[in-house]
Structure formats: C-alpha cells, structure tokens
Amino acid sequence: MTDRQPGSIPTIVDCDPGIDDALALALVAASPEFDLHAVTTVCGNVTVDHSTRNAIRTLAACGRAEVPVCQGAARPLVRLNPPYPPIHGENGIGDVELPATAREASAEPALAAFERVLEPAVPGEVTVIALAPLTNIALLLSTRPDLADRIGLLAVMGATIDRGNVTPFAEFNTWADPEAAYRVLATNEVPTRLFTLAATRKAALDESQRLELAAWSPVGATIAEMILGYDDQVTGLGWPLHDAMVVAGLLEPGIVTLRPAAAIEVDTGTGRRRGATAVTWDGAPHQGGAPRPLEVAVDADSERFRGLLRERLSPLAGPPSD
Ligand code: BDR
Ligand code: CA
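Residues numbered from 1 in each chain as written. Chains lettered and ligands numbered in written order. Predicted model: local features only at pLDDT ≥ 70, side-chain atom pairs only at ≥ 80, totals over all residues. Heavy atoms only, no water.

1. As for the overall build of the chain
Then step 1. When helices and strands are counted, the chain shows 11 helices and 12 strands.
Then step 2. Here the chain has a C-alpha radius of gyration of 18 Å; the compact-globule value for 322 residues is 20 Å, and the two agree.
Then step 3. Its C-alpha atoms put the chain at 50 × 45 × 40 Å along the principal axes.
Then step 4. Considering only intrachain contacts with a sequence separation of at least 6, the fraction spanning at least 24 residues in the chain is 81%.
Then step 5. Total accessible area on the chain stands at roughly 12200 Å², and carbon and sulfur atoms take up 54% of it.
Then step 6. Where the 25 positive side-chain charges of the chain centre and where its 41 negative ones centre are 3 Å apart. (Helix = DSSP H or I, 4+ residues; strand = E, 2+ residues; numbered from the N terminus. Rg over C-alpha atoms; globule rule 2.2 N^0.38 Å. Contact = heavy atoms within 4.5 Å. Areas by Shrake-Rupley, 256 points an atom, 1.4 Å probe, with all protein chains shown as cover. Lys, Arg positive; Asp, Glu negative; His and termini not counted. Charge placed at Lys NZ, Arg CZ, Asp CG, Glu CD.)

2. Here's the deal with the nonpolar core
Across soluble globular proteins, nonpolar side chains show a tendency to be buried alongside one another.
Then step 1. Counting residues in each nonpolar core, the largest one holds 60 residues, and the members touching the most others are Val-13 and Val-39.
Then step 2. Looking at this core element by element, the count peaks at 9 residues for helix H1 (residues 19–29).
Then step 3. Dropping the residues within four chain positions of it, Val-39 is found in contact with Val-13, Cys-15, Leu-25, Ala-55, Leu-59, Val-67, Pro-68, Val-69 and Cys-70.
Then step 4. Residues Phe-114, Leu-118, Ile-137 and Leu-140 belong to the second largest nonpolar core, which totals 35 residues. (Core = buried A, V, L, I, M, F, W, Y, C linked by side-chain atoms within 4.5 Å. Buried < 20%, exposed > 50% of the residue type's maximum accessible area, 1.4 Å probe, protein only.)

3. A closer look at the site of ligand 1
Then step 1. Around ligand 1 lies a shell of 13 residues, among which Asp-20, Asn-45, Asn-165, Glu-171 and Asp-243 are the nearest.
Then step 2. Within the side chain of Asp-21, an N or O atom sits 3.0 Å from an oxygen atom of ligand 1.
Then step 3. A distance of 3.0 Å is found between an oxygen atom of ligand 1 and a backbone nitrogen or oxygen belonging to Leu-131.
Then step 4. Relative to its free-state accessible area of 280 Å², ligand 1 is covered by the protein chains to the extent of 98%.
Then step 5. Contributing elements (two or more residues each) for the shell around ligand 1: H1, helix H5 (172–176) and helix H10 (242–251).
Then step 6. Of the residues belonging to the shell around ligand 1, the class tally is 4 nonpolar, 5 polar and 4 charged. (Near = heavy atom within 4 Å. Polar contact = N/O pair within 3.5 Å; in protein donor to acceptor, adjacent residues only side chain to side chain. Nonpolar A, V, L, I, M, F, W, Y, C, P; charged D, E, K, R; others polar.)

4. Details of a nonpolar patch on the surface
Then step 1. Together, Leu-77, Val-78 and Leu-139 make up an exposed nonpolar region whose accessible area comes to about 210 Å².
Then step 2. Its location among the elements puts Val-78 in the loop between strand S3 (69–71) and helix H3 (110–118). (Patch = residues over 30% accessible without salt bridge, like charges linked within 9 Å, V, L, I, M, F, W, Y side chains within 5 Å. Salt bridge = Lys/Arg side-chain N within 4 Å of Asp/Glu carboxyl O.)

5. Here we look at the side chain of His-88
Then step 1. With respect to the secondary-structure elements, His-88 resides in the loop between S3 and H3.
Then step 2. Separated by 3.4 Å, the side chains of His-88 and Asn-45 make a polar contact.
Then step 3. With sequence-adjacent residues up to four places away left out, His-88 is seen in contact with Gly-18, Ile-19, Asp-20, Asn-45, Ile-93, Gly-94, Asp-95, Gly-229 and Tyr-230.

6. Re the coordination of the calcium ion (ligand 2)
Then step 1. Around the calcium ion (ligand 2), the protein supplies Asp-16 (OD), Asp-21 (OD), Asp-21 (OD), Leu-131 (O) and Asp-243 (OD) as donor atoms, at distances of 2.3 to 2.5 Å.
Then step 2. In the primary structure, the donors to the calcium ion (ligand 2) are separated according to the pattern D-x4-D-x109-L-x111-D. With Asp-16 in the loop between strand S1 (9–15) and H1 and Asp-243 in helix H10, the pair connects residues that are 227 residues apart, well separated along the chain. The two residues Asp-16 and Asp-243 agree in class, both being buried. (Donors = N, O, S within 2.8 Å, 3.2 Å for Na, K, Ca; no water.)

7. Let's talk about unusual backbone geometry
Then step 1. A cis amide bond links Pro-17 with the next residue in sequence, Gly-18, at an omega value of 0 degrees.
Then step 2. Structurally, Gly-18 can be placed in the loop between S1 and H1.
Then step 3. One non-glycine residue with positive phi stands out, namely Asp-95, at about 65 degrees.
Then step 4. For Ala-159, which is not a glycine, the phi torsion comes out positive at approximately 80 degrees.
Then step 5. Relative to the elements of secondary structure, Ala-159 occurs in the loop between strand S5 (151–157) and H5.

8. Focus on the pattern of salt bridges
Then step 1. Under the defined criterion, the tally for this structure stands at 16 salt bridges.
Then step 2. The residue Glu-97 makes a salt bridge to Arg-57 at a minimum N-O spacing of 3.3 Å. A residue pair is termed long-range when its members are at least 10 positions apart, and Glu-97 in the loop between S3 and H3 and Arg-57 in helix H2 (residues 48–61) qualify at 40 residues.
Then step 3. Judged by its relative accessible area of 55%, Glu-97 is exposed.
Then step 4. For Glu-252, the salt bridge goes to Arg-304, with nearest N and O atoms at 3.0 Å. Linking Glu-252 in the loop between H10 and strand S9 (256–266) with Arg-304 in helix H11 (residues 302–313), this pair joins segments that are 52 residues apart in sequence.
Then step 5. Salt bridges sharing common partners tie together Glu-115, Glu-119, Arg-144 and Asp-146.

9. Overview of helix H6 (residues 178–186)
Then step 1. Residues Pro-178, Glu-179, Ala-180, Ala-181, Val-184 and Leu-185 constitute the buried set of H6.
Then step 2. Here the buried face of H6 lies against helix H4 (135–143), S5, H5, strand S6 (192–195) and S9.

10. Quick word on the packing of aromatic side chains
Then step 1. By the definition in use, this model includes 3 aromatic pairs.
Then step 2. Centroid distance Tyr-84 to Phe-172: 5.3 Å. Interplanar angle 70 degrees. Geometry classified as edge-to-face. With Tyr-84 in the loop between S3 and H3 and Phe-172 in helix H5, the pair connects residues that are 88 residues apart, well separated along the chain.
Then step 3. Assessed through its relative accessible area of 12%, Phe-172 is described here as buried. (Phe/Tyr/Trp six-rings, centres within 6.5 Å; stacked < 30°, edge-to-face > 60°.)

It is worth stressing that arrangement in space is one thing and function is another; only the former is reported here.
The structure is reproduced here in structure tokens:
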C-alpha cells in the first residue's frame, strides 16, 4: 500500500454529503495524517446519485480530484424510510452549485473499493470513517467478514445517548438504516469509536463563527455558503456540523471525551423508537484515545474544534475557476 506521507493512515471515508459531510471531507483532504484511498457514498441526506456528485465536486474543490469516489447503496438494507425533510437543501449541500468537474464517479462500486483497499492491507492497518447510514459498512461486513480484521478503527458518526435529531429518540444515521446500524454497532467485531450527537452537536458554528469560516479560505467560504442552506440549528450553539467532529476527534483525540462501552443496542422495531440506541457503559469516563474495542464520544470541546478547523482549512485554495 503506497503512503502519501510516511506514517499516514490508509483511510476510506463513507459519506452522504451533506453539508457536514462536505466539511468533514475538506478536513480529511487537508490533513496529511490520512492517506485517502477512496470515498464511498450511500443514500442518506440525499439520494446516492446526489451524494456521489457532491463528494466528487467537494473533493475537486479541495484539490483532491484524484481520489476515487465509489457509489454504494441506493437504499437502506431492509425498510424504505418515510419521506423526510431535506435539511441539507434539495441538492444536499445547501443548494450551492459547486463547479462541475470532468471527473465522474469511479466505475468501481463501493464494495469493490473496500476490497481493493482492505485485501492487501495488514490487520489493523486501515481506518474507516463512516459519516452516513451504515448500509455500505453492513454490506461489507456481511459479504466480506474475512476483511474485518484489516480495519484498525471504524469511526462512526451516529447514535444518541440523550435525545434524537430526526425523532425524539433517534439520530438520523441510525434512524435511516437501523438494521445496518444494528449489524455494525451491536455486533462489535471491529474496534469502533462512535461519535454520538452529545459530542457532535458541539461542532456547531453560530453566525459570527460561520463568517469567520468564510474568511479563512475559498473552501471555507464555499462551506460557509452551504451552511446558510442548512435547515438545522441547536439552540444557543448554531448549525451542528456533526461529521466534521469525527475527523477532528481522530486528528486530535483530546477534542472529544471518550467513554468505554461494553455494548450498543439499536432498536430495529417499527414503532416510534425505531433507530434509537442504548449504550451499556464499561468503566469510568476518560479523556483521549485509549485503545479499546468500543468507545463512545460523549462530549467535545467546541473551541478546540474550531481551532483545528481554522488550522486545516486556512491553506485550502478553493474551487477551480473553469
Ligand atoms: C448525521 O445525519 C446527517 O444529516 C449528517 O450528515 C450527519 O451524518 C447527524 O445526525
Ligand atoms: Ca452525513
């Protein structure tokens, strides 16, 4: 496996951009700690066609058009969802029109991309960052369980330990495909770090912080414009850019408070608690990234998050002008 920089971690990002996914991609694209081998897409915030197009254009805007974007599942594993509001705008990125690029989605499907990266890897070598409904990851673990040991860390944005954001009980990614979430989170065969809403809500920017983001770089300005089309606000905090907290928490583990867990349960029933999660805790809270098979981010430091964003996004030039 070829590294972009010595010591960088072979990484796959699975996403559904999504304004916060776009910010997370920008953060990964700007961070040499990650050797980004593929971005895989899934239906979630928008259709998989939209999320694929958004991922391609976001990477191009960040100067990373060479990263293959590989399309995955077009629907959840088992049950279709009822219609839900387009909180990321009709096109998934706040109805901002990013410049079209000559690049298309890779002909390689998402699962083939996982196989390409995981097959030659040694056990524990690859980090998978999952920022969307867990459909692709569940399919991977079910179709190629032999590759699970190559994943050294599965970092997931999902679940809630207090209240939900799509229903009173459920977080969007677990709600959008609870059967997949059950497969991935409740059967803990891969070392997993779960970034719940309790931590990711702290990745919120208020209007003055959004304007700061806009001033940092052309990429910052583009994402700041997307945020204006983000129909979600956390009282007193601003627009929550959940997925970006996952990347920040990997780059600087001290940004989040991690708590070891013994198990996670996901409600796959059809009642009003569908997609709700319940964590069985294991031990006392601790700061930082002690190696454990299952850790849950329960809080985060907003100021440090914004500091990291500023450091990483400031050098990013922005969309090509063609
Ligand atoms: C998650 O749901 C999506 O709307 C966001 O992109 C994020 O992944 C937050 O609940
Ligand atoms: Ca997402």
